[in-house]
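# Architecture at a glance
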Amino acid sequence: MIKEFEFFHGLVFARILHGSQRPISIETYPTSSNSSYIVNGNVGLYIKYSSKRMTPWRFSFKKEHQDEMTSMQEKLKDVFLVLVCNDDGIVCLSYDELK
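First, a word on scope: everything that follows refers to the structure included in this document.

Conventions used here
Per chain, residue numbering runs from 1 following the sequence as it is written. Under the rules for a predicted model, residues below a pLDDT of 70 receive no local features and side-chain atom pairs below 80 are neither given nor counted, while totals for whole chains, interfaces and linings still include all residues. Excluded from the side-chain calculation are hydrogens and water; included are all heavy atoms of the structure. Helix numbers and strand numbers start at the N terminus; a helix is a DSSP run of H or I with at least 4 residues, a strand a run of E with at least 2. Three exposure classes are used, based on accessible area relative to the maximum for each residue type with a 1.4 Å probe and protein chains only: buried under 20%, partly exposed in between, and exposed over 50%. The contact criterion used is simple: two residues touch if any of their non-hydrogen atoms lie within 4.5 Å. Orient the strands so they point away from the viewer; a crossover is then right-handed if the path from the first strand over the helix to the second runs clockwise. Paired strands are those between which DSSP finds at least two bridges. Whether two aromatic rings pair depends on their centres lying within 6.5 Å, for rings of Phe, Tyr and Trp, where Trp uses its six-membered ring; planes under 30 degrees apart make the pair stacked, over 60 edge-to-face, and the rest tilted.

## Some thoughts on the environment of Thr-70
Looking at the element boundaries, Thr-70 is found in helix H2 (residues 63–75). The partly exposed category is assigned to Thr-70, whose relative accessible area is 25%. Sequence spacing of Thr-70 and Tyr-95 is 25 residues, and the spatial spacing of their C-alpha atoms is 8.5 Å. Beyond its immediate stretch of four places on either side in the chain, Thr-70 contacts Tyr-95 and Lys-99.

This is the structure we're talking about:
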């Protein structure tokens, strides 16, 4: 059975892969969450999704989520928050835009 987060995270990865003109590497960020990834060794992605069918979409940001993104920002060149709004679209914010 496909887990819900796998479905939404897969959408993000497909967009990245199909939108790139060069090879892409994606690995998990070393935490216990299923939300963080490293792209090409120096770009962090933190993915959150809402399975709600229509707007307004809501996303929770617990302290542990914020701490994880801060840790990524300290270790990687760039960090982006990717918000997947069910099948309606994706929003991508830089760490600075989020803060």
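## Re the pairing of strand E4 (residues 78–85)
Of all 8 residues in E4, 6 are buried, a share of seventy percent or more. Note that the unit made of strand E3 (residues 43–50), H2 and E4 has a crossover that is right-handed. In terms of strand pairing, E4 meets strand E5 (residues 89–94) through 6 bridges, oriented antiparallel. Opposite Leu-81, over in E5, you have Leu-93 as the bridge partner. Once E4 ends, the chain turns through 3 residues before running back antiparallel as E5, passing Asn-86 with a positive phi of about 45 degrees.

## Focus: the packing of aromatic side chains
Applying the stated criterion across every chain yields a total of 3 aromatic pairs. Arranged with centres 4.7 Å apart and planes meeting at 15 degrees, the rings of Phe-8 and Tyr-49 form a pair that is stacked. Here Tyr-49 lies in strand E3 and Phe-8 lies in helix H1 (residues 4–19), a separation of 41 residues in the sequence. Both rings, one in Phe-13 and one in Tyr-37, keep their centres 4.8 Å apart while their planes meet at 85 degrees; by these two values the pair is edge-to-face.

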